[in-house]
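Coordinates in review
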There are 2 protein chains.
Amino acid sequence: MASHPGDDPLIGDISEGRVLRAILSRTEPAAQAIVGPGDDAAVIAAASGSVVATTDTLVHGPDFRLAWSSGYDLGWKSAAVNLADIAAMGAAPTALLVALAVPRDTRLSFVTAMADGLRDACAALSPGCAVVGGDLTVSDVLTIAVTALGDLGGRRAVTRSGARQGDVIALAGELGAAAAGLSVLFGRFRDGDRPVPVDRSALDARQLQALQAQLRPTPPIGLGPVAAAAGATAMMDVSDGLGLDAARMADASGVTLALDGSALDALVFAGDRARGVAGGEDHGLLATFPAGVLPPGFRALGVVTERGVAGVLVDGDPIADAGWDPYRDWDATAG
Amino acid sequence: MASHPGDDPLIGDISEGRVLRAILSRTEPAAQAIVGPGDDAAVIAAASGSVVATTDTLVHGPDFRLAWSSGYDLGWKSAAVNLADIAAMGAAPTALLVALAVPRDTRLSFVTAMADGLRDACAALSPGCAVVGGDLTVSDVLTIAVTALGDLGGRRAVTRSGARQGDVIALAGELGAAAAGLSVLFGRFRDGDRPVPVDRSALDARQLQALQAQLRPTPPIGLGPVAAAAGATAMMDVSDGLGLDAARMADASGVTLALDGSALDALVFAGDRARGVAGGEDHGLLATFPAGVLPPGFRALGVVTERGVAGVLVDGDPIADAGWDPYRDWDATAG
C-alpha cells in the first residue's frame, strides 16, 4: 500500500486514459515498432515476410497469488512465459500486447509496477522487444493476457513435429526450479489455505533461487533463434513439465524420445528428478538436432529413436507423462 | 443448460486438451496461416513486411452479462471489436488469438458456441481471417481477450493524427445503434439490478435491430483497406462514442472536426442525436479524406478546419465529448 494514497489512486477512481498514460510513460519503444501505442492498433515490422504470434494468460488464483507475487513479478512473468513461446519457434520476439483486467480497488502503483516488470523482462531476456499496445478493463479477478509477436529472420518455424530418429535431444534451461519455488511458497508461506507474504530472510540460497525461478523466470529466449540457425528439427518450451511436454513432442513427431538418466539429473534442480520431470513453469527450450549438432547453451539429454509404445523413456523405462494442468492442479482459495 | 450433461461436461471436469480440441475442430483454417494452432505459437504470413496488431478484452460484468449474451454472441462480438481496430488502421485482418478464462462450472457447449461465434464473425466480416491460436485458463470471471493481426498490403498505416485542414470527414457504419440495444437490455430485461433473459418476441423490429447491434455488431471491416487505398488521411474506429473518439482524432491531428448536424442526423440510429454522439460500441469507421474524395460505403459528415478551442463542433457549436469509459459507466452487479 502506498504511504500517500492521494498520489497513488485506486484504478476505479481515475480514467482509463490516465492509467494508460502512466503505463506508457514507463514503456520503452520497441525497436521494430512502426506505429507504437496510442492508436487503434500497433504496426510492427515483419521484414522476413511472416510473423510468429502466441498468447498466454495469468489469472489470479490458478496462476498466481497476490500475497506471493508483486505487480513487478507479474509483469515480468507474463512477459517471460510469452517470450519463451516465441523463442520455441526459433523466432526473435519483437513486440508484446497486454490485455490487463484489474479490480477497481487496485492501486495505480501496482499497475505501473507491472509495466516496469514487463519492460525489464523484455530488456533482460529479449532486448528490443517491448509493449506496443494493450487494453485495460476492470474485473473482479486480476487477469493478464499477453500476446507476443516475433520474427523468424527468414528461417522456417521450428515446430514440435520435426524430430527424427537419430537426432540429439537437448535442453537449454533448467528443470524443476520453478516447481521447487512453488513448493517453497505452498510449504512455508501459508496460513491454512491462505497464502501469506514471503519472508525472504527465512530462506536459504537454494530456496531463494527456486523462488526467483517461480516468480521471475529467465528462460533462454536468445537461444531459440540460435537453435533454429543450428538446424533444430523440433523445439518447444517446457511449460507443463518435461514428462508431459516431451511426450507431446514425441507424439507430434511420431518418435520416441530416449532420455539418459544421468544427463537428466545434471539438469534437474537440487537433484530432485521426480520434480524435474513433472514440474512445470521453467520454460526451458527442449529441442532436437541432427546427430553431431549441439549449439551453445544446450545440454544433450538423449537421442530420438523409432517410435515405441511409450513416447518418452528414461534409461529405457517409460516415465509418467503427468505435468501441469491448470484445471486439475491448483484450485485452492485465492489470496 | 444441456439436456445431456454427460455429453456436455463442465470445463472444470475435463482436460485442457479436450477443450482445446473441441474448439479447434470448429475453427476454419486462416488463409494466411503458415503454422496454425497446436504448437507453441502460430506463424502468419506478412508478405508486405509489417504486421498490424491490437488487443481488446470482454469481461463479464463491465462488458457483458451472461443473462443477455450467449456464448455465440460473445465469440462474435470479441472478434468484431478487434477486427474493427485492424480495419481502422487501413489493414485487412489475417488472424486472431484468443485468451479465454472461464469459470470451472462453464459447460463445454458454451465454449464451443463461442468458437462458432468467433468463426462466423470472421467469415461474415473478414473472410480468410480465423483463429490461429489461444490459451485457456480457469477464472471466477469469464474473460475473453482477443488479439487481432492484420496486413497493410504495402500501404502505410492510417493513424489518428493525419487529418488536415480542408479534409472531408466521413463515417462508414452507424451511430447509436449499439447504445440503443444496451438501453433495451437495461430498460426491459432487468429485475432490479439483476439482468434477466431477453424475450425477443416482446421487441419491435427497431428494438431487435438495436439489440443485434449491441450483441453481434457488424462493423464495416472491408471498408478499412478501401479507405486507405482511397487516400484516407486519418481513421479510427468509433468504439467509445463519436463525441469522445472524434475529439481524440482532433487532438491527435491538431485540428477541429466541424460536423454538419443534418449529415450527422442521417447516420444516427432512430433519430436520437444525443445517443448517436455519446453511445459507444458501434465500431463504425471515422475517417478523413482529401477534399473531393469519398470512397464507397462512407457518408460525408463534415469538414476538417484549423484547430479552434473545441476539437469537435456540430453546426459550429462545441459538443460534450463524453463517451464510454468502462471505469465509470457500467458497474452494476453481474448476471
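Since the structure is predicted, the reported quantities are computational estimates derived from the model, not experimental observations.

**Quick notes on the overall build of chain A**
Scanning chain A from terminus to terminus reveals 10 helices and 15 strands. For 335 residues, the compact-globule formula gives about 20 Å, and the C-alpha radius of gyration of chain A, at 20 Å, lands near that figure. Along the three orthogonal principal directions, the C-alpha set of chain A runs to about 65 × 50 × 30 Å. In chain A, buried positions account for 59% of the 335 residues. Considering only intrachain contacts with a sequence separation of at least 6, the fraction spanning at least 24 residues in chain A is 89%.

**Quick notes on the packing of helix α1 (residues 16-24) of chain A against helix α3 (residues 108-125) of chain A**
All names here are of chain A. At a closest axis distance of 9 Å, the pairing of α1 and α3 adopts a crossing angle of 35°. Between α1 and α3 lies a crossing of right-handed hand. Contacts from Val19, Ala22 and Ile23 in α1 reach Leu108, Val111, Thr112 and Ala115 in α3. Grouping the constituent residues of the contact of α1 with α3 by class yields 6 nonpolar, 1 polar and no charged.

**Brief notes about unusual backbone geometry**
Residues and elements named next belong to chain B. Positioned with a positive phi, His283 is a non-glycine residue whose angle comes to about 60°. The topology assignment puts His283 in the loop between α9 (273-278) and β12 (284-289). Among the residues examined, His283 registers 26 C-beta atoms within 10 Å and is labelled buried. The backbone of Asp315 sits at a positive phi, close to 50°, despite the residue not being glycine. If you trace the backbone, Asp315 turns up in the loop between β14 (312-314) and β15 (317-318). With 12 C-beta atoms counted inside 10 Å, the residue Asp315 sits in the exposed group.

**Observations concerning the pairing of strand β13 (residues 299-306) of chain B**
Residue and element names in this part refer to chain B. Strand direction decides the pairing type here: strand β7 (residues 168-172) and β13, joined by 4 bridges, are antiparallel. Paired with Ile169 across the two strands is Gly302, which belongs to β13. Alignment of strand β11 (residues 255-259) against β13, held across 5 bridges, turns out to be antiparallel. Note on β13: the bridge partner recorded for Ala258 is Val303.

**With respect to the domain arrangement of chain A**
All names here are of chain A. Along its sequence, chain A is organised into domain 1 (18-151) and domain 2 (168-329). Placing the centre of domain 1 and that of domain 2 at their C-alpha centroids yields a distance of 24 Å. Each partner contributes residues to the interface: domain 1 has 22 residues there, and domain 2 has 24 residues. Put simply, the parts of the chain that give the side of domain 1 that touches domain 2 at least two residues each are α2 (71-87), β4 (92-102) and α3. Per-element accounting of the side of domain 1 that touches domain 2 gives the leading share, 9 residues, to α2.

**Comments concerning the relation of the copies chain A and chain B**
Expressed as a screw operation, the relation of chain A to chain B combines 0.0 Å of axial shift with a rotation of 180°, fitting to an RMSD of 0.0 Å. The relationship between the two copies is best expressed as a two-fold rotation axis. The rotation axis passes nearest to the C-alpha of A:Gly49 in chain A, at a distance of 2.6 Å.

**Some remarks on the interface of chain A and chain B**
Taken residue by residue, the interface counts 56 residues in chain A and 56 residues in chain B. For the side of chain A that touches chain B, the leading source of residues is strand β3 (residues 50-59) of chain A, giving 9 residues. Considering only residue class, the side of chain A that touches chain B consists of 30 nonpolar, 15 polar and 11 charged. Bridge count for strand β2 (residues 42-45) of chain A against strand β3 (residues 50-59) of chain B is 4 bridges, and the pairing is antiparallel. Looking across to β3(B), one finds that A:Ala45 is bridged to B:Ser50.

**Observations concerning the nonpolar core**
Most often, soluble globular proteins keep nonpolar side chains buried together rather than apart. Within the largest apolar cluster, 235 residues are counted, with the highest numbers of intra-cluster contacts made by A:Leu96 and B:Leu96. Setting aside its immediate chain neighbours within four residues, B:Leu96 contacts B:Ala79, B:Asn82, B:Leu118, B:Cys122, B:Cys129, B:Ala130, B:Val131, B:Val132, B:Val146, B:Thr147 and B:Ala148.

**A word on the packing of helix α4 (residues 177-188) of chain A against helix α5 (residues 205-215) of chain A**
Think of two packed helices as two axes; the pair is described by the angle between the axes and how far apart they sit. Residue and element names in this part refer to chain A. In contact at an axis separation of 7 Å, α4 and α5 are set at 105° when each is read in the N-to-C sense. With respect to each other, α4 and α5 are oriented roughly perpendicular. Taken together, the residues of α5 that come into contact with α4 (itself represented by Ala177, Ala178, Ala180, Gly181, Leu182, Val184 and Leu185) are Gln207, Gln209, Ala210, Leu211, Ala213, Gln214 and Leu215. Considering only residue class, the contact of α4 with α5 consists of 10 nonpolar, 4 polar and no charged.

Calculation criteria
Residues numbered from 1 in each chain as written. Chains lettered and ligands numbered in written order. Predicted model: local features only at pLDDT ≥ 70, side-chain atom pairs only at ≥ 80, totals over all residues. Helix = DSSP H or I, 4+ residues; strand = E, 2+ residues; numbered from the N terminus. Rg over C-alpha atoms; globule rule 2.2 N^0.38 Å. Buried ≥ 20, exposed ≤ 12 C-beta atoms within 10 Å, placed from the backbone. Contact = placed C-beta atoms within 7 Å. Axes fitted to C-alpha atoms, helices over the stretch in contact; angles between N-to-C directions. Left-handed = near helix turned anticlockwise from the far one by under 90°. Nonpolar A, V, L, I, M, F, W, Y, C, P; charged D, E, K, R; others polar. Pairing = 2+ DSSP bridges. Domains from an automatic or database assignment. Least-squares fit on C-alpha atoms with pLDDT ≥ 70 in both. Core = buried A, V, L, I, M, F, W, Y, C linked by C-beta atoms within 7 Å. Parallel < 35°, antiparallel > 145°, perpendicular 65-115°, else oblique.

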